[in-house]
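The primary structure of each chain is shown beneath.
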Amino acid sequence: YGTRQVRCDYAGFDNIKRIFTENKDLFKIAHYISTEDKLLTFSHSFISKGWVKDSFGEYLTIYDVIDKLNNMHERGETRELRRILDVCSWRRGGPAYEWCGSPIWADLTDLDIVAGSPVIEYNNVTQYFGHTQLRADKPLLLEGYVDLDCRRASRLDIETGEVSVI
């Protein structure tokens, strides 16, 4: 799926970090929109049920996970957030028992391992994320998942669920 490029702006890192830190109240860890017939989530990477169980000790609804993460962020619980968010799968250098990363580190390769597994999937939810940079010039649409990281701006029609490149 993705490329092996590093996209960190090392020259601007300190300034970018300062801007984010000074304005952290403008950001959320994740967001959801609920319509009559569907739930759309937005995060840096997708949220897996396995990661939720490992991090919170129980399976939670995706609403509860997103609310919990955002509340921790708002309260400044940095140490706890780092503990649960700084997790990547064993395929990406994490511990051997980690099958899937957090909503910061999960990668499309994690979906390859457990796609279709109830450990990872939330039913009737479409997760929009952008962690895995794609080689293609359009978003990758999978059942329940949309990777938007194609180096082009996209537009989402919330009513139809259609994603188009702008």
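Just so we're clear, the structure is a prediction, and the values are computed from it rather than from any experiment.

Draft legend 1. Structural detail: the pattern of salt bridges. This structure, assessed with the given rule, holds four salt bridges. Here Arg 83 and Glu 80 are joined by a salt bridge, their closest N and O atoms 2.6 Å apart. Of this pair, Arg 83 and Glu 80 both sit in helix H4 (residues 78-85), three residues apart, which is roughly one turn of that helix. For Arg 83, a relative accessible area of 46% translates into the label partly exposed. Across the pair Asp 137 and Arg 152 runs a salt bridge, and its minimum N-O distance is 3.9 Å. Of the two residues, Asp 137 sits in the loop between strand S3 (125-129) and strand S4 (140-142) while Arg 152 sits in the loop between strand S5 (145-147) and strand S6 (154-156), which places them 15 residues apart along the sequence.

Draft legend 2. Geometry of the sheet that holds strand S2 (residues 39-43). Strand order in the open sheet made by the five strands is S1-S2-S3-S5-S4, with mixed pairing throughout. Looking along the sheet, the strands with just one partner apiece sit at the ends: strand S1 (30-34) and S4. Across the sheet, the mean angle separating the axes of adjacent strands is 15 degrees when strand polarity is ignored. Taken together, the three bridges between S4 and S5 define a ladder with antiparallel strand orientation. Pairing of Leu 142 across the sheet is with Tyr 145, part of S5. Strand contacts of helix H3 (residues 62-74): S1, S2 and S3, with the helix running at about 140 degrees to S1, the strand carrying the most contacts.

Draft legend 3. Representation of the pairing of S3 in the model. Counting buried positions along S3 gives four out of five residues, so the element sits mostly inside the fold. Taken together, the four bridges between S2 and S3 define a ladder with parallel strand orientation. What sits directly across from Phe 42, in S3, is Tyr 128. Bridge count between S3 and S5: three bridges; the pairing is parallel.

Analysis parameters
Residues numbered from 1 in each chain as written. Predicted model: local features only at pLDDT ≥ 70, side-chain atom pairs only at ≥ 80, totals over all residues. Heavy atoms only, no water. Salt bridge = Lys/Arg side-chain N within 4 Å of Asp/Glu carboxyl O. Helix = DSSP H or I, 4+ residues; strand = E, 2+ residues; numbered from the N terminus. Buried < 20%, exposed > 50% of the residue type's maximum accessible area, 1.4 Å probe, protein only. Pairing = 2+ DSSP bridges. Axes fitted to C-alpha atoms, helices over the stretch in contact; angles between N-to-C directions. Contact = heavy atoms within 4.5 Å.

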